[in-house]
Amino acid sequence: MLAFWFRIPLWQRVIAALLLGILAGVFLKEDATAIKWIGDFFISAIKMLVVPLIFLSIVSGVAAIGDLKKLGSVGWRALLLFVVTGQIAVWLGLGLGSLFQPGAGLDTSGIERGEAPEPKETSAIDMILSIVPESPVQVMADAQVLPLIVFALLIGIGIVMAREEGKPLARIFDSGAIVMQKVTILVMELTPFGVFALIAWVVGTLGLPSLVALGKLVALNYGGCLLIILVMYSLVIKGLAKLPVVDFFRGIVDAQVVAYSTASSNATLPVTLRCTQRNLGVSRPTSSFVVSLGATVNMDGTAMYLGLATLFGAQIFGVDLTMGDYFLISILATLGSVGAAGIPGAGLVMMTLVFGAVGVPLETIAFVAGVDRIMDMMRTATNVTGDAAVTTAVASMTGEIDREEMISADDV
Ligand code: ASP
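Let me begin by describing the structure that accompanies this report. All figures in this text were calculated on a predicted structure; none of them were measured in a lab. (Residues numbered from 1 in each chain as written. Predicted model: local features only at pLDDT ≥ 70, side-chain atom pairs only at ≥ 80, totals over all residues. Heavy atoms only, no water.)

## Looking at the overall build of the protein
In step 1: Scanning the protein from N- to C-terminus turns up 18 helices and 0 strands.
In step 2: Since a compact globule built from 412 residues should have a radius of gyration of about 22 Å, the 21 Å found for the protein is in line with a globular shape.
In step 3: For the C-alpha atoms alone, the extent of the protein along its principal axes is close to 60 × 50 × 45 Å.
In step 4: For the protein, buried positions account for 55% of its 412 residues.
In step 5: Contacts spanning at least 24 positions in sequence make up 84% of the contacts within the protein whose residues lie at least 6 apart. (Helix = DSSP H or I, 4+ residues; strand = E, 2+ residues; numbered from the N terminus. Rg over C-alpha atoms; globule rule 2.2 N^0.38 Å. Buried < 20%, exposed > 50% of the residue type's maximum accessible area, 1.4 Å probe, protein only. Contact = heavy atoms within 4.5 Å.)

Now the structure itself:
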């Protein structure tokens, strides 16, 4: 029985749970609240991962950038492109969320607002002060993500500065990051149960209009990701890599398919490497470095989604956001996408980071978790395409690409 359960791919179990959960919600109505605790259990397990996952992946990511000097011109170009495309992606998510208002008009008075954080009036000076962690331990205990990220960045920089002597610590953090990814995969095994309970609760308490709102969110997630892939990355390939866009997409289709079905940039890494080297003609050192770095720090699909989901949460719970909040979201969503590991559900974990800072109730996570997997698949395909696009552009700018190889890649 157990063997049979695990033989079914996780995403299929999740989709089945989603459909069954909707049915359960329709039949059980308000009574579905009785099973919500299963969803809460799932969400608590996700929250448990936030602090160690962000801390370890940022420290080990920054320590890896220590090799930047070795790769000089490749490294800074890649980082610049990661940041610029990430920012554009978040603002796209914010734009789509404001324009189409996926969460507007839904009556959520039936949902208890658990630990909804109050939006704080903060001046610019308060904000600057709040990013310095007075006590790193306190910051971790309270899961204050922004000072945590600052602390992690500093530790990473310290490791790089310590050179040889910093290496043992870097290895420990690397190993910690890998262990946390495995723990996340374990937690993700709870997804079918969490999804079933949460979607049944949402549909049961709010009725079918909740499905319409979630449907709009999913559609916008797909629309936003497609815009990123078809417009932004095409421009990167045409404008910076100066290569035929069609050949680029033909070259990376394998990686996109694997990314879509596994919802994991990390799991796709070997295929992305193969596509960039064999089909796009990028040199081995450049592709190994940029693709591996990108798999953890470059997640434009996730960044776009974090912006979109924050607006969705604000809309369903009637939270007013100021222009200052939008800027805060843009920074946090970019950092969140950097801190997110390339594994299934990482974007869901990062939501607590952004929501908490702008006063969007964390209940939003329970609301959207039921449909996250479907969106995660598209986000991951986008993230992986972005890694390949930036790698190709940087390789082209630094003469690390064999154009003949790319153009003649007929066996793609
Ligand atoms: N699963 C995504 C990835 O691996 C991250 C996310 O959840 O958005 O790229």
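From this point on, the discussion continues.
## Description of the nonpolar core
In step 1: Met351, Phe367 and Val368 are the most contacted members of the largest nonpolar core, which has 126 residues in total.
In step 2: For this core, the element with the most residues is helix α17 (residues 363-397), which contributes 16 residues.
In step 3: Setting aside chain neighbours within four positions, we find Val368 in contact with Leu214, Leu217, Tyr305, Phe312, Leu348 and Met351. (Core = buried A, V, L, I, M, F, W, Y, C linked by side-chain atoms within 4.5 Å.)

## Describing the site of the ligand
In step 1: Surveying the vicinity of the ligand reveals 15 residues, the closest of which are Ser265, Thr302, Gly347, Asp376 and Arg379.
In step 2: Within the contact set of the ligand, an oxygen atom lies 3.2 Å away from a backbone nitrogen or oxygen of Ala346.
In step 3: Protein contacts shield 100% of the accessible area of the ligand, which totals 270 Å² for the unbound molecule.
In step 4: Secondary-structure elements contributing two or more residues to the shell around the ligand are α16 (346-358) and α17.
In step 5: No other element matches the 4 residues that α17 contributes to the shell around the ligand. (Near = heavy atom within 4 Å. Polar contact = N/O pair within 3.5 Å; in protein donor to acceptor, adjacent residues only side chain to side chain. Areas by Shrake-Rupley, 256 points an atom, 1.4 Å probe, with all protein chains shown as cover.)

## Topic: unusual backbone geometry
In step 1: With a phi angle near 50°, Lys29 is a residue other than glycine that sits in the positive phi range.
In step 2: You can see Lys29 is positioned in the loop between α2 (10-28) and α3 (36-65).
In step 3: On the basis of relative accessibility, which here comes to 53%, the residue Lys29 falls in the exposed class.

## Some details on a nonpolar patch on the surface
In step 1: Together, Leu20, Leu23, Val26, Phe27 and Leu208 line one region of the surface with nonpolar side chains, adding up to about 520 Å² of accessible area.
In step 2: Following the sequence through the fold, Val26 ends up in helix α2. (Patch = residues over 30% accessible without salt bridge, like charges linked within 9 Å, V, L, I, M, F, W, Y side chains within 5 Å. Salt bridge = Lys/Arg side-chain N within 4 Å of Asp/Glu carboxyl O.)

## With respect to the packing of helix α15 (residues 323-339) against α16
In step 1: The contact between α15 and α16 brings their axes to 9 Å, and the two run at 160°. Put simply, α15 runs roughly antiparallel to α16. Like other packed secondary-structure pairs, α15 and α16 cross with a definite hand, here right-handed. Residue-level inspection shows Asp325, Leu328, Ile329, Leu332, Ala333, Gly336 and Gly339 of α15 in contact with α16, the latter providing Met350, Leu353, Val354, Ala357 and Val358.
In step 2: Here the residues of the contact of α15 with α16 are counted per class, giving 9 nonpolar, 2 polar and 1 charged. (Axes fitted to C-alpha atoms, helices over the stretch in contact; angles between N-to-C directions. Parallel < 35°, antiparallel > 145°, perpendicular 65-115°, else oblique. Left-handed = near helix turned anticlockwise from the far one by under 90°. Nonpolar A, V, L, I, M, F, W, Y, C, P; charged D, E, K, R; others polar.)

## A look at the packing of helix α12 (residues 265-279) against α17
In step 1: Where α12 meets α17, the closest approach of the two axes is 10 Å, and the angle between their N-to-C directions is 35°. In this structure, α12 crosses over α17, and the sense of that crossing is right-handed. Contacts from Ser265, Thr268, Thr272 and Thr276 in α12 reach Thr380, Asn383, Val384, Ala388 and Thr391 in α17.

## Some points on the side chain of Thr334
In step 1: Here Thr334 lies in helix α15.
In step 2: Residue classification places Thr334 among the buried residues on the basis of a relative accessible area of 11%.
In step 3: Reaching out from Thr334, the side chain makes a polar contact with the backbone oxygen of Ser330 at a distance of 2.6 Å.
In step 4: If we ignore the near neighbours within four places in the chain, the residues touching Thr334 are Gly86, Gln87, Val90 and Ile329.

## A short note on the packing of aromatic side chains
In step 1: Counted by the stated rule, this structure contains 6 aromatic pairs.
In step 2: An angle of 50° between the planes, with centres 5.9 Å apart, marks the rings of Phe312 and Phe367 as tilted. Within this pair, whereas Phe312 is found in helix α14 (residues 300-316), its partner Phe367 is found in helix α17, the two being separated by 55 residues in sequence. Note on accessibility: Phe312 and Phe367 belong to one class, buried.
In step 3: In textbook terms, an aromatic cluster arises when at least three aromatic residues are bridged by ring pairs, as seen for Phe55, Phe151 and Phe173.
In step 4: Over the face of the ring belonging to Trp201 we find Lys36, whose NZ or CZ atom lies 4.6 Å from the ring centre. (Phe/Tyr/Trp six-rings, centres within 6.5 Å; stacked < 30°, edge-to-face > 60°. Lys NZ or Arg CZ within 6 Å of the ring centre and 35° of its normal.)

## Section: the pattern of salt bridges
In step 1: Taken as a whole, this structure holds 8 salt bridges when the rule is applied.
In step 2: Across the pair Arg13 and Glu189 runs a salt bridge, and its minimum N-O distance is 2.9 Å. Taken together, the residues span a long stretch of sequence, with Arg13 in helix α2 and Glu189 in the loop between α8 (167-188) and α9 (191-206) at a distance of 176 residues.
In step 3: In this structure Glu189 comes out as partly exposed when scored by relative accessible area, which is 24%.
In step 4: Put simply, Asp376 and Arg379 hold a salt bridge, and the shortest N to O gap is 3.5 Å. Of this pair, Asp376 and Arg379 both sit in helix α17, 3 residues apart, roughly one helical turn.
In step 5: Looking at Asp376, the relative accessible area reads 4%, which means it is buried.
In step 6: A relative accessible area of 0% places Arg379 in the buried class.

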